[in-house]
Amino acid sequence: MVLHQAAQHGELNSEFIGRHIGTSNKDIQFMLNTLGFDSMDAFIRKVIPAAILSDKPLELGHARSESDVLAQLREIAQQNQVVKSYIGMGYYNTHTPNVILRNLLENPAWYTAYTPYQPEISQGRLEALLNFQTMISDLTGMEIANASLLDEATAAAEAMTFCQRVSKSKSNVFFVSEDCFPQTIDVIKTRANPIGIDVVVGDHRTALKDLDCFGVLLQYPALNGEIHSYAATCEIAHAKNAMVVVAADLLALTLLTPPGEFGADVAIGTAQRFGVPLGFGGPHAAYFATKDTHKRQMPGRVVGVSIDSHGNPAYRLALQTREQHIRREKATSNVCTAQVLLANIAGMFAVYHGPEGIKAIAQRVHHLTATLVAGLQQLGYSIVNQRYFDTIEVVTEARTKVIHAVARGQEINLRVVDDATIGISLDETCNASDVEAIWAAFASNNQELPDFNAVAAKTVESIPTELQRTSAYLTHPVFHRHRSETQLLRYLRALADKDLALDRTMIPLGSCTMKLNATAEMIPVTWPEFGSIHPFAPAEQTQGYARLITELEQMLVACTGYDAVSLQPNAGSQGEYAGLMAIRAYHHSRGDTHRNICLIPSSAHGTNPATAHMVGMQVVVVQCDQSGNVDLADLTAKAEQHSANLAALMITYPSTHGVFESAIKEICAVIHDHGGQVYIDGANMNAMVGLCQPGKFGGDVSHLNLHKTFCIPHGGGGPGVGPIGVKSHLAPFLPGHHLLDNQTAPVCAAPWGSASILPISWTYIKLMGQEGLKQASQVAILNANYIAKRLSAHFPILYAGPGGIVAHECIVDLRPLKDETGVTVDDVAKRLMDFGFHAPTMSFPVPGTLMIEPTESEDRGELDRFCDAMIAIRAEIADVASGKISSEDSPLRHAPHTAMTLTAEWTHAYSREQAVFPVASLKNGSKYWPPVGRVDNVYGDRNVVCTCPPMSDYE
Ligand SMILES: *Cc1c(COP(=O)(O)O)cnc(C)c1O
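Starting afresh in each chain, residues are numbered from 1 along the sequence in its written order. Predicted model: local features are reported for residues with pLDDT of at least 70 only, side-chain atom pairs are reported and counted for 80 or more only, and whole-chain, interface and lining totals are derived from all residues. Side-chain descriptors were evaluated using all non-hydrogen atoms of the structure, hydrogens and water having been removed beforehand.

Student: In this structure, what is going on with the packing of helix α6 (residues 98-105) against helix α12 (residues 340-378)? I would like to understand it.
Tutor: Packed helices, taken two at a time, are described by the angle their axes make and the gap between the axes. Here an angle of 0 to 180 degrees is reported between the N-to-C directions of two axes, which are lines fitted to C-alpha atoms, with helices fitted over the stretch in contact. Elements are defined by DSSP. Helices are runs of H or I of four residues or more, strands are runs of E of two residues or more, and each kind is numbered from the N terminus. Between α6 and α12, the least distance of the axes is 11 Å, while the angle of their chain directions is 145°. α12 is crossed by α6, and the crossing has right-handed handedness. Note on element contacts: α12 touches α6 through L341, N344, I345, M348, F349 and Y352, opposite V99, I100, L104 and L105. Should the near helix be turned counterclockwise from the far one by less than a right angle, the crossing is left-handed, whereas a clockwise turn marks it as right-handed. Two residues qualify as a contact provided that any one of their heavy atoms is within 4.5 Å of a heavy atom in the partner residue.

Put into structure tokens, the structure is as follows:
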């Protein structure tokens, strides 16, 4: 690591810093002067309270060049060994179709997009997600599916709490078949424990009869590959008011009777094997599907069809645009960032192959498995499972060790069940020579190997008639129209062209930190040495990952001032969960099992109270004062009142209002004095890196969002990584995994969550070094203050700190203008689209406001363009105020304006030119045309349609 450091430290190698940070030195000086400062240091000293401002450089080494950092990462990648894994357990090799790899997974138009809360500029990815939902509903035979969840194990845990909410049973027992994947059982146990659910694991054929339970989880096909007929089990469960959840393999469902046809209430699982690389465990999209009557209880986001202002069909997030399920104390789940990019890949895999293509893949895999079985039988082995799709368990007669050793020598990973049993799962990448190699590993020294063609010709398949699928799936035209590569290429391009992502405009979303995702950071993600590794591969094959993970953990320790980091949580929400679970376990370890009160300021992100709820804590809300700070008197009173039972405070820093509260140290001290722990929500770490450290000013634990501060792209709503940092006393309670030698419970399916995107953050930190990271935070704060300053002459800015200074984001208050003119925050957000901008965060944390976070990556030109747009919009509001135009017929209310409106009869009181070219700079030929008019939310919620509508609807 230290290898070339001296040579690196030249001017040449800080070039990346200047490319990541959009603002030039000259403009930085200009902006500082505009704000009345002559140096960055003087400015930062004004923003960050002296008590927490650190003057020590981060222990990270210096910035290095792109070629140098990538060369080092290559070296690390080569310490991973890409071998053929037949381990299965929910993770299978797959071919990512190249047209999807290059034009979706590696395409910034897709991966730099934000969550589609603003539907008019998100029609492309909303359509892609609707394809995903339709695919899931079709394959599972369920009525409605979401898009999407984090992994199969957490989807199973969500299904468990879903059943508890929906089922009429009074029992607190959830039954889990012992045939489920072990990582799923472990996460279920983690999640059940704090909320008083008893998990009973057993044989579904015998254990269920006399058991009172509210829900049942079954694996289809089972861990050992067996295909059980579950219809009778569903009847037994339903007779006791228990609901049935089936964790189903999507590829198998093309051949098997789907869960929806044999009585299941919920189907969950992973869409990984539909074209998403293994990636050492993630990221992959999980799915959740159920009956239409339960849709309002469903976790995760649901895309639905509505109409726009012209009556045309338009897509949007259904059932309350913003996180229907994250309803503070009433929350049903805390999942926010999901796995949109990966769901889109899986959906496009189905679009690419179509139903016949996917079925052909499944049949080939199945036939190959049957051939494998016949050959093994010829070699004298017997198979444990009677019926199988792609997975078998072989009876080895105590030869497991020998066979395993031979296989490993030939770069083959099998699943060791025990001394006398080995598991094998085939997949779409397997061929005859793979099967022959497996036979060779099982054959004893002088045994003759079966002849593949001869065996294959005689092979009988094993899916019993009564479990063979007869119903059609993927019948919608979208799964039939793009069979040539040209067609699919153009489909992907057409969808991307409908959307605004970071490759076209700044996305100034407060609390979401949409900064540059540099190409150099993205390149390693699709290297096979990172992509083609099974999460349960033996440790000696994953040394590169081990090194990358250890180094990244150390870097994050250096950034945060904590003592230890876990990279397992695969979103911020999961980090919050892991962090509060660590606090809970710490209290329990000291006998303080009664500590269950969690103080949360009223301004908190919805995930905070939702998470507290999930770990069985009781939320007590702390008030904020006039300037947006936590009300210290109220905090002290509540801490005293609940002193005996105080578990934690969850606080966001800098505050959700975008202010560095000066009392943060006192706040932490009050909590500690009463025996509580301090959880600092570190989603806003972008304002702190290199300047102050939550682990040093009073936090016991924080989650960071690597998909905000540390450059992992948002992917249109995921993937993400939400690592937690903890002080040493909480380190023993970081999440564990049955594959790691520790005893703590996991929060995710894979030991390191979304491992394959960790190279992005590793690369970012290496490229920036200690000086670059600090400068990034400084410029992020400067950019926000520059915008606040320019806009403050036109709009009230809420919650500035002393001297009118904000942190890395600022809140524009539109409420007074609404009272005066009727122009709403929605009108302004939609009007920004006509200027080619993505709206800032709307009505969070304060209703009726816009929260703007420019990040360090935007240059002054872009900041000025944005301010100019806001100022031009302000003038349009003034026209309403002066009575020149009514708010109902203003360009604000009719925004966004599509190209089509120009050719229709023009009845508005403003001109066509003002509608679409409100500023002259938009006439430069690269104008963004919103594909739909304003989307009708009320209509969409009254008429919930969550699968692709029939084509006739478009005509
Ligand atoms: C983004 C965010 C979260 C949630 O992170 P996800 O990755 O979306 O789950 C939590 N708290 C705050 C303050 C955030 O901004």
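Student: Could you clarify how one ought to interpret empty space enclosed by the protein in this entry?
Tutor: Where empty space is left becomes clear once a probe the size of a water molecule has been rolled over the atoms. Throughout, the protein atoms alone are placed on a 1 Å grid, and a set of points is a cavity if a 1.4 Å probe fits but cannot get out or a pocket if it is open with protein on both sides within 12 Å along at least five of seven lines; lining residues have an atom within 4 Å of a point. Grid points are joined across faces, edges and corners, and a volume is the space filled by probe spheres set on the points. All told, the structure shown has eight cavities of 30 Å³ or more when counted by the stated rule. Estimated volume of the largest cavity: approximately 270 Å³. Forming the walls of the largest cavity are 27 residues, and the residues nearest its centre are C336, T337, H605, N705 and K708. In terms of residue count, helix α20 (residues 572-589) provides more of the lining of the largest cavity than any other element does, three residues in total. Classifying every residue of the lining of the largest cavity gives seven nonpolar, 15 polar and five charged. Three or more residues apiece are contributed to the lining of the largest cavity by two domains, here domain 1 (1-80 + 562-773) and domain 2 (116-352). In terms of lining, the second largest cavity is formed by 24 residues, of which the most central are G90, Y92, F181, P221 and D249. Counting residues per element, the ones that place at least two in the lining of the second largest cavity are β5 (215-220) and β6 (243-248). Residue composition of the lining of the second largest cavity, by class: 11 nonpolar, eight polar and five charged. Gly falls in the polar group here, along with every residue not listed as nonpolar (Ala, Val, Leu, Ile, Met, Phe, Trp, Tyr, Cys, Pro) or charged (Asp, Glu, Lys, Arg). Here the bounds of each domain stem from an automatic or database domain assignment.

Student: Please explain the packing of aromatic side chains as it appears in this structure.
Tutor: Aromatic ring pairs are defined here through the distance separating the ring centres and the angle between the ring planes. The pairing test for Phe, Tyr and Trp rings, Trp by its six-membered ring, is centres within 6.5 Å, and the orientation test on the planes gives stacked under 30 degrees, edge-to-face over 60, and tilted for anything in between. Scanning the entire structure with this criterion turns up 23 aromatic pairs. Ring centres of F162 and F288 lie 5.2 Å apart, and the angle between their planes is 75°; this geometry places the pair in the edge-to-face category. Within this pair, whereas F162 is found in helix α9 (residues 152-166), its partner F288 is found in strand β8 (residues 286-290), the two being separated by 126 residues in sequence. Pair check on accessibility: F162 and F288 agree, each one buried. Taken together, the aromatic side chains of F280, W527, F530, Y545 and W752 make up a single cluster linked through ring pairs. The rule for a charge over a ring is simple: NZ of Lys or CZ of Arg within 6 Å of the ring centre, and within 35 degrees of the ring normal. Just above the ring of Y577 sits the side chain of R191; from NZ or CZ to the centre is 5.4 Å. Residue exposure (1.4 Å probe, protein chains only): buried if accessible area is under 20% of the type maximum, exposed if over 50%, otherwise partly exposed.

Student: Sorry, what's going on with the UniProt feature "domain: Glycine dehydrogenase C-terminal" (unreviewed entry) in the protein here?
Tutor: Mapped onto this numbering, the UniProt entry gives "domain: Glycine dehydrogenase C-terminal" (unreviewed entry) at residues 776-897. Its end C-alpha atoms 36 Å apart, residues 776-897 is made of 46% helix and 10% strand. UniProt positions are given in the numbering used here, feature names are shortened, and annotations may be inferred rather than shown by experiment.

Student: Looking at this model, I keep getting lost on the site of the ligand. Mind explaining?
Tutor: The immediate surroundings of the ligand are formed by 15 residues, with T337, S511, D681, H707 and K708 found nearest. The definition of a polar contact used here is a pair of N or O atoms within 3.5 Å, where within protein one atom must be able to donate a hydrogen and the other to accept one, and adjacent residues in sequence count solely through side-chain atom pairs. Within the side chain of H707, a nitrogen or oxygen atom sits 2.7 Å from an oxygen atom of the ligand. When the free accessible area of the ligand is taken as 380 Å², the share hidden by the protein chains comes to 98%. Pocket occupancy is defined atom-wise: a molecule lies in a cavity or pocket when more than half of its atoms are within 2 Å of its grid points. Counting atoms within 2 Å of the grid points, the majority share of the ligand lands in the largest cavity. The dominant element in the shell around the ligand, judged by the number of residues it contributes, is α20, at three residues. Within the shell around the ligand, the residues separate by chemical class into three nonpolar, nine polar and three charged. In these notes, residues near a molecule or strand are those with any non-hydrogen atom within 4 Å of it. Here the open area of atoms and residues is found with the Shrake-Rupley method and a 1.4 Å probe, where only the protein chains shown may cover a residue.

Student: Explanation requested: the UniProt feature "modified residue: N6-(pyridoxal phosphate)lysine" (unreviewed entry) in the protein in the structure shown.
Tutor: The UniProt entry lists K708 under the feature "modified residue: N6-(pyridoxal phosphate)lysine" (unreviewed entry), expressed in the numbering used here. The exposure class assigned to K708 is buried, which follows from its relative accessible area of 9%. Once residues within four sequence positions are removed from consideration, K708 is found in contact with S511, C512, T513, K515, A683 and H714.

Student: Explain the confidence of the model for the protein here, please?
Tutor: Where the model shows low pLDDT, its predicted coordinates should not be examined in detail. The share of residues in the protein with pLDDT of 70 or more is 97%, and the mean pLDDT across the chain is 94. Confidence per residue, as judged by the predictor, is encoded in pLDDT with a range of 0 to 100. Predicted confidence for residues 1-12 stays below pLDDT 50, and this span has 15 contacts to residues more than four positions away or in other chains. In this model, residues 321-325 is a region of pLDDT below 50 whose contacts with residues beyond four sequence positions or in other chains number 21 contacts.

Student: Is there a simple way to explain the state of the cysteines in this structure?
Tutor: In protein structure, a disulfide is the covalent linkage between the sulfur atoms of two cysteines. Cysteine sulfurs are considered disulfide-paired once they come within 2.5 Å of each other. Per the counting criterion, the structure on display carries zero disulfides. The structure places no disulfide on C598, whose sulfur is separated from the nearest cysteine sulfur, that of C668, by 13 Å. Given the relative accessible area of 0%, C598 is considered buried. Counting only cysteine sulfurs, C867 is the nearest neighbor of C810, a cysteine outside any disulfide, at a range of 8.3 Å.

Student: Looking at this model, I keep getting lost on the sheet that holds strand β20 (residues 677-682). Mind explaining?
Tutor: Strands in a sheet are paired, the pairing made by backbone hydrogen bonds, and the direction either parallel or antiparallel. With mixed pairing, seven strands are arranged side by side in an open sheet as β16-β22-β21-β20-β19-β17-β18. Looking at the sheet topology across the chains shown, the edges are occupied by β16 (564-566) and β18 (618-622). Along the sheet, successive strands turn relative to each other by an average axial angle of 25°, direction set aside. Direction of pairing for strand β19 (residues 646-652) relative to β20: parallel, over a ladder of five bridges. Each residue of the ladder has a partner; that of T652, found in β20, is D681. Along the sheet, helix α19 (residues 543-560) contacts β16 and β21 (701-704); its crossing angle with β16, the most-contacted strand, is approximately 125°. Along the sheet, helix α23 (residues 664-673) makes contact with β17 (597-601), β19 and β20, crossing β19 at roughly 165°. Two strands are counted as paired when DSSP detects at least two bridges linking them.

Student: Help me understand the domain arrangement of the protein, please; the structure alone is not making it clear to me.
Tutor: The figure often quoted for interface size is the accessible area lost as the parts come together. The assigned domain composition of the protein is domain 1 (1-80 + 562-773), domain 2 (116-352) and domain 3 (774-919). Relative placement of domain 1 and domain 3: their C-alpha centres are 30 Å apart. Counting residues at the interface gives 47 residues for domain 1, matched by 34 residues for domain 3. Buried surface area refers to the total accessible area, computed with a probe of radius 1.4 Å, that the two partners give up upon joining, counted for both partners together. By the criterion of area lost to domain 3, the three top residues of domain 1 are M31, H657 and N686, representing 18% of everything that side buries. By convention in these notes, a salt bridge is any Lys or Arg side-chain nitrogen within 4 Å of a carboxyl oxygen on Asp or Glu. The tally of links between domain 1 and domain 3 comes to one salt bridge. The partner of D27 in a salt bridge is R860, with the nearest N and O atoms 3.1 Å apart. Linking domain 1 to domain 3 there are 19 residue pairs in polar contact (both at pLDDT 80 or more). Contributions of two or more residues to the side of domain 1 that touches domain 3 are made by α2 (15-20), α3 (25-34), α4 (40-47) and α24 (758-792). Here the element with the most residues in the side of domain 1 that touches domain 3 is α3; it accounts for seven residues.

Student: How should I be thinking about the side chain of T652 in this particular structure?
Tutor: Following the sequence through the fold, T652 ends up in strand β19. Setting aside anything within four residues of it in sequence, one finds T652 in contact with N608, D681 and N684.

Student: Explanation requested: α9 in the structure shown.
Tutor: Along an α-helix, residues three or four positions apart point the same way, because every turn accommodates 3.6 residues. With 15 residues, α9 should cover 21 Å at 1.5 Å per step; its first-to-last C-alpha distance of 20 Å lies within 8% of that length. α9 sits mainly inside the fold: 12 of its 15 residues count as buried. For α9, the set of buried residues is E152, A153, T154, A155, A156, A157, E158, A159, M160, T161, F162 and C163. Capping the start of α9 is the job of one residue whose side-chain oxygen sits 3.2 Å from the backbone nitrogen of A153: D151. Given a helix with a known number of residues, its expected span is that number minus one, times 1.5 Å.

Student: So what exactly am I meant to see when it comes to the pairing of strand β15 (residues 421-425) here?
Tutor: The side chains of a regular strand alternate, first on one face of the sheet and then on the other. The buried count for β15 comes to five of five residues, which makes it a mostly enclosed element. The alternating pattern of β15 places T421, G423 and S425 on one face and I422 and I424 on the opposite face, and all of these are buried. What sits between strand β14 (residues 415-418) and β15 in their antiparallel hairpin is a turn of two residues.

Student: Where do I start with the sheet that holds strand β7 (residues 266-270) in this structure?
Tutor: Strand order in the open sheet formed by seven strands is β2-β8-β7-β6-β5-β3-β4, and the pairing between neighbours is mixed. Looking at the sheet topology across the chains shown, the edges are occupied by β2 (144-145) and β4 (198-202). Both β7 and β8 contribute to a ladder of five bridges, which runs antiparallel. In the sheet register, T270 faces β8, and the bridge partner there is A286. Its contacts with the sheet place helix α8 (residues 123-140) against β2, β7 and β8, and it is angled at close to 60° to β8.

Student: Is there a simple way to explain the pattern of salt bridges in this structure?
Tutor: Any two side chains of opposite charge can pair, so long as their charged atoms come close to each other. Taken as a whole and assessed by the stated rule, the structure comprises 37 salt bridges. Residue D203 pairs with R205 through a salt bridge whose shortest N-O separation is 3.1 Å. Accessibility expressed as a relative area gives 19% for D203, which makes it buried.

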